[in-house]
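Here is what each chain is made of, one letter per residue.
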Amino acid sequence: MMNHFIFLAVLFSLRTAHSHQESLVFPVTYLRVSKDLPLQCLQVEWDVGKSAHDAELSMSFEIQVNRTGENTTVWTEFYNVTLDKSGKPLHWNWDSDLPLECMAHSVRIRSKAEASKIWSQWSLWETILGLGTSNYSQPQIFPDEKVIEEGSDITLCCIVRKGQIIMEFFSLPAVHNFSRTNSQIGLLTAKTVAHQKPSHVTVFCQESGGKGDHYHYVVFFVGKPPDLPHDFSCHTRDMKKIICTWSQGGDTHLYGPHSTKYTFFEEFAQKLIPCTVNCSKRCSCSWDINQQRVYNIMLTVENPLGKKTATDAFDVTHRIHPSAPSELFGHCSDTKIMLYWKHRNKGIELFCQTEVLHPDGKTELHNSSSTHLQYGSITVGGQQPYTQYTLRVRCGAAQHFWRWSEWSKAQTFRTEEASPSGKLDIWREIIPALGGRNVTLFWKLTPSFQANGRSISYEITWEKVEEDSKPEHISISSVYNTTRIFIDSDPYKISVVAKNNVNYSLPSVMIIPGATGTENELSISNLKEDQVIGADDGIFLSWEPRNTYDGYIVDWCNFPALQPCDLQWKRFGPSSSSALISSASFVPGVRYNFRIYGSVANTASLLEKKTGYLKELAPTLDPPVKKIHLTFHAVTLSWESYPTTASQPGFIRGYHVYVSPVQEDCSLKESKKHVLPDGSVLCKYTIENPEEKRYTVRHLMPNTKYKLAVKAYTGGGETPIANFIYIETPFDTNTLYLLGLLVIVPSVAAALCHWKMKWVKACCCPVVPSPNKSKVLSFKDLVIGSEKVLKIHDCKPDAVAVDNNSEAQTLHPGSQTSSTPTEDKMDVQSSSWLCPTQNEERAFTSTPKPMTYTLFENLAYSSHITAEPNSYQNTGMLEPCKPQLLAGLYQPQYYFDTVSEGAASSPSWAAGRKTSLQYVSQMGVHCLGSRL
């Protein structure tokens, strides 16, 4: 039962909520749409039921706009409003980007209470038709407003007559795109229209059909809306007229009927003010003042593209801007100017200001109060005599000052003449002359000196100091600032004054001491000059201060080469001990001489001398090497004529001597290496004394070519090496003698030794014949392996000689021949066969004792042999030798010579017969022509 009750309660609540929501739906009861063609907008009006107004509901409306020709929704917007009990209908406007004449537009609306989620049904479409087709005699182009804002987008349409079609629709200059909706309505869209020259766009539309083609065109002007008026303000000059001014702003590019219009409206009186605007640099407009004193002016600036407004509220008595003073005149004394001017603003008390422009460009302001009179005046004092000044005046309201007037036209005045003020600064130059001295006087205007007159001249007076004498004087025109006078050896007093049409200036006095003092001064002038070096801003000098002087004077010449030079001088106080001398005439590479004087009681004494350069430069000319003295190992250079005076562009600090062999780099002792830009190396010697103009380069090689250069250097360096001096050292004969001793003598000795060695070798070590070269062994069967061998039975002696000398010649293998002159020698370099007897064989084979050999001579190979005293005829043949013994005795590498007498007395050999045989082969060589 309880569950059934709960179910019914829930069902009842749901039905109640549903019916409540339905009660919150208020559909649109009516809808009306109209179009405003001048504004190109749709005006929509609608309403809902009275119950919604009575409930004062907050409602939302959804509005849709449809273009009928395109059949698309082009706009959707939600409109929220709170209804009131008045029951007034609702309104909404929509601006169309397409001219409303071009096609039909439809609007529909639906509604909803903000507390509800349910929308009402859409209202029916309310349609506003376009023109469709034209009943005119030609095509029509819309919109008909002929002014387009620069930078905007615009859509144009062309509507042709019924039964016609569009053939062309275009613009000049051309627009970005073109679209056509149907054959009778054309659309033309221009994006971001730009201002061009000419500042208009012409649109053409052509229809075709029927009897012929028809054109229609319209002209659109491209421009800008007016700028907001800047600096808009109003004032009065004479309390009779109000003048308003403002800045015109930028060009709108619209002229004639589309140009900018100006409207003045007074808010307090609520009326338009008739005013003719005049715009040149600034725009202005004026009208007469009536009894009204407080105004609130609204300026409206308008053209077809828009309008801007500016306002200004003011009390006219607080906006007085006087006119500029006029008709300036006055008169002067030597130090004052009385100035007068005329006011254009009668009856207004003014406060005026006078500007005085000095000849040096400085200005000063003088204030003065004026009365209600027509003329104002002021007296300006403290001016310089005979000086030109330019004056002008401006004024403002004395009460409620708001703004100065414009300046009056400037007027120029010159004060009256007066006596010259101040003193001249004078100086002198003394030069001894025959019978006295020439004194050149110089003078210049000091900063405190004023000529104070139209024309000026200079009076120079000189007289002796120690005795009464008649003064002498001369007058010099103002175009000169120097003169020369002659005085004798006495001390003189010289004065110089300036003179104008009124009076003289104070004299400038100078004392010239007597000739003795002058001679002392000239002798002091020979003191040594200290060298000084300048900088970019001048040449710095310093001196030793003395307590006896009341000031110091430094003089110099800006152009030292000129004669006479333009002497310059500068004075310094007693506490000064240095100075920076600057001049626009100073240039690098020129030597300037400075003299420092001490001054006391109008008398100057020379203290120090300085000389220097603003900047040193390298010497322009190389030292001319006049003398060159050469030795084997040195060269002496001299350049006595090279100057170190003021003609040089810097102080000559010394010299550099460069040396190098012509074909190679230099590496001499006691020198430094100097590398040229091309990479070659020179030897560099430095002479630090500029007065030393001679130098000897040592350690040279004789008979060698060298290149040399001599350069002077200053504080500015030296110029690059461009030219060389070429020398060649002489040939050293002592070296030739030494070369002969060291080379030729050893060579001769070596040659003699070589010849003697061959002689000694030929005598002591004769050549042993080679068996391989023997003709005996020239047969093929004598070769065993690589050696030639002579068999024993092939040894056929040609002759046998019996030697009956009491002293048998004993041979030992490898022994040397006796050096006794009477002893015969034999060279057995070729292997000779020695055949002993049988007894000798036994003695040889039994014991290794020295053996006596019998030598044979083969006469068949010595046909030229002659009989000698110790030679005998061959008596017979030797008996055959045993091969074993002969093979043992054959030693081809040894020398076999005759044994000395001592050796022949050996018992084993003496036991034999004393008679010995000699065998000489066909290749035997006799030493020293002796033959065995």
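All of the points below concern the structure found in this document. (Residues numbered from 1 in each chain as written. Predicted model: local features only at pLDDT ≥ 70, side-chain atom pairs only at ≥ 80, totals over all residues. Heavy atoms only, no water.)

**Comments concerning the state of the cysteines**
Move 1: Applying the stated rule across the entire model yields eight disulfides.
Move 2: Note that Cys 234 is cross-linked by a disulfide to Cys 244, the S-S spacing being 1.9 Å. On the S-S bond that ties Cys 234 to Cys 244, the torsion sits near 100°, and the link is right-handed. One end of the pair, Cys 234, is in strand 16 (residues 230-235); the other, Cys 244, is in strand 17 (residues 241-247), with ten residues separating them in the sequence. Comparing Cys 234 with Cys 244, the two get one shared label, buried.
Move 3: There is a disulfide in this structure between Cys 666 and Cys 683, and the S-S distance comes to 2.1 Å. One quick way to see it: the torsion about the S-S bond of Cys 666 and Cys 683 is about -100°, and its sign makes the bridge left-handed. Of this pair, Cys 666 sits in the loop between strand 47 (654-661) and strand 48 (672-675) while Cys 683 sits in strand 49 (residues 681-687); the two residues are 17 residues apart in sequence, bridging distant segments of the chain.
Move 4: A residue is classified by how much of its surface remains accessible, and Cys 683, at 2% relative accessible area, is buried. (Disulfide = S-S within 2.5 Å. Helix = DSSP H or I, 4+ residues; strand = E, 2+ residues; numbered from the N terminus. Buried < 20%, exposed > 50% of the residue type's maximum accessible area, 1.4 Å probe, protein only.)

**Thoughts on the pairing of strand 16**
Move 1: As defined by bridge partners, strand 16 adjoins strand 17 across four bridges and the pair is classed as antiparallel. Bridge pairing in strand 17 places Ser 233 opposite Thr 245.
Move 2: Remark: five residues form the turn of the hairpin made by strand 16 and strand 17, two consecutive strands paired antiparallel; Met 239 in that turn has positive phi of roughly 65°. (Pairing = 2+ DSSP bridges.)

**So, the sheet that holds strand 27 (residues 363-369)**
Move 1: One open sheet holds the four strands; their spatial order is 27-26-29-30, and the pairing between them is antiparallel. The open sheet has two free edges, formed respectively by strand 27 and strand 30 (411-414), since each of these has just one partner strand. Within the sheet, the average angular offset between the axes of one strand and its neighbour, ignoring direction, is 30°.
Move 2: Bridge analysis of strand 26 (residues 350-357) against strand 29 (residues 388-397) gives eight bridges, and the strand direction is antiparallel. Paired with Leu 350 across the strands is Ala 397, a residue of strand 29. (Axes fitted to C-alpha atoms, helices over the stretch in contact; angles between N-to-C directions.)

**Looking at the sheet that holds strand 52 (residues 725-728)**
Move 1: Spatially, 48-49-47-51-52 is the arrangement adopted by the five strands of the open sheet, whose pairing is antiparallel. Bordering the open sheet on either side are strand 48 and strand 52, each of which pairs with just one other strand. Sheet twist, expressed as the mean angle between neighbouring strand axes with direction ignored, is 35°.
Move 2: In this structure, strand 51 (residues 705-713) lies alongside strand 52, joined through four bridges in antiparallel fashion. In the sheet register, Leu 708 faces strand 52, and the bridge partner there is Ile 725.

**Observations regarding the nonpolar core**
Move 1: Judged by nonpolar contacts, the single largest core of 23 residues is most densely connected at Val 44, Trp 46, Met 59, Phe 61 and Ile 109.
Move 2: When contributions to this core are tallied by element, the ones reaching two or more residues are strand 1 (28-36), strand 2 (41-48), strand 3 (58-67), strand 5 (90-95) and strand 6 (105-113).
Move 3: For Ile 109, the contacting residues outside a window of four places in its chain are Val 28, Leu 31, Val 44, Trp 46, Phe 61, Glu 62, Ile 63, Gln 121, Trp 122 and Ser 123. (Core = buried A, V, L, I, M, F, W, Y, C linked by side-chain atoms within 4.5 Å. Contact = heavy atoms within 4.5 Å.)

**Topic: the side chain of Arg 319**
Move 1: Relative to the elements of secondary structure, Arg 319 occurs in the loop between strand 23 (306-315) and strand 24 (326-332).
Move 2: Note on Arg 319: relative accessible area 13%, which makes it buried.
Move 3: A polar atom in the side chain of Arg 319 sits 3.0 Å from the side chain of Asp 312.
Move 4: Ignoring anything within four residues of it in the chain, the contact list for Arg 319 reads Ser 233, Cys 234, His 235, Thr 236, Asp 312, Ala 313, Phe 314 and Trp 402. (Polar contact = N/O pair within 3.5 Å; in protein donor to acceptor, adjacent residues only side chain to side chain.)

**Some words on a nonpolar patch on the surface**
Move 1: On the surface, Leu 741, Leu 742, Val 743, Ile 744, Val 745, Val 748 and Leu 752 cluster together to form a nonpolar patch covering roughly 680 Å² of accessible area.
Move 2: The residue Leu 742 is located in helix 4 (residues 733-764) in this model.
Move 3: Note on Leu 742: relative accessible area 58%, which makes it exposed. (Patch = residues over 30% accessible without salt bridge, like charges linked within 9 Å, V, L, I, M, F, W, Y side chains within 5 Å. Areas by Shrake-Rupley, 256 points an atom, 1.4 Å probe, with all protein chains shown as cover. Salt bridge = Lys/Arg side-chain N within 4 Å of Asp/Glu carboxyl O.)

**A word on the pattern of salt bridges**
Move 1: By the definition in use, this model includes 23 salt bridges.
Move 2: Across the pair Arg 237 and Glu 406 runs a salt bridge whose closest N-O atoms are separated by 3.5 Å. Residue Arg 237 is found in the loop between strand 16 and strand 17, and its partner Glu 406 is found in the loop between strand 29 and strand 30; the two are separated by 169 residues along the sequence.
Move 3: Looking at Glu 406, the relative accessible area reads 38%, which means it is partly exposed.
Move 4: A salt bridge links Arg 546 to Glu 608; its shortest N-O distance comes to 3.5 Å. Of this pair, Arg 546 sits in the loop between strand 39 (538-542) and strand 40 (551-557) while Glu 608 sits in strand 44 (residues 603-613), and the two are 62 residues apart along the sequence.
Move 5: You can call Arg 546 partly exposed: its relative accessible area is 26%.
Move 6: Look at the salt bridges and you will find they share partners, linking Asp 530, Arg 546, Glu 608 and Lys 610 into a network.

**Remarks on the packing of aromatic side chains**
Move 1: Applying the stated criterion across every chain, the model contains 28 aromatic pairs.
Move 2: With a centroid separation of 5.6 Å and 80° between ring planes, the pair formed by Trp 46 and Tyr 79 is classed as edge-to-face. Taken as a pair, Trp 46 in strand 2 and Tyr 79 in strand 4 (residues 72-82) lie far apart in primary sequence, 33 residues in all.
Move 3: The class of Trp 46 is buried, set by a relative accessible area of 0%.
Move 4: Assessed through its relative accessible area of 23%, Tyr 79 is described here as partly exposed.
Move 5: Plain terms: the ring middles of Phe 401 and Trp 404 are 5.1 Å apart, the flat faces sit at 70° to each other, and that makes the pair edge-to-face.
Move 6: Accessibility expressed as a relative area gives 41% for Phe 401, which makes it partly exposed.
Move 7: In this structure Trp 404 comes out as partly exposed when scored by relative accessible area, which is 22%.
Move 8: Taken together, the aromatic side chains of Phe 232, Trp 246, Tyr 262, Phe 264 and Trp 287 make up a single cluster linked through ring pairs.
Move 9: The side chain of Lys 707 reaches across the aromatic face of Phe 724, ending 4.9 Å from its centre. (Phe/Tyr/Trp six-rings, centres within 6.5 Å; stacked < 30°, edge-to-face > 60°. Lys NZ or Arg CZ within 6 Å of the ring centre and 35° of its normal.)

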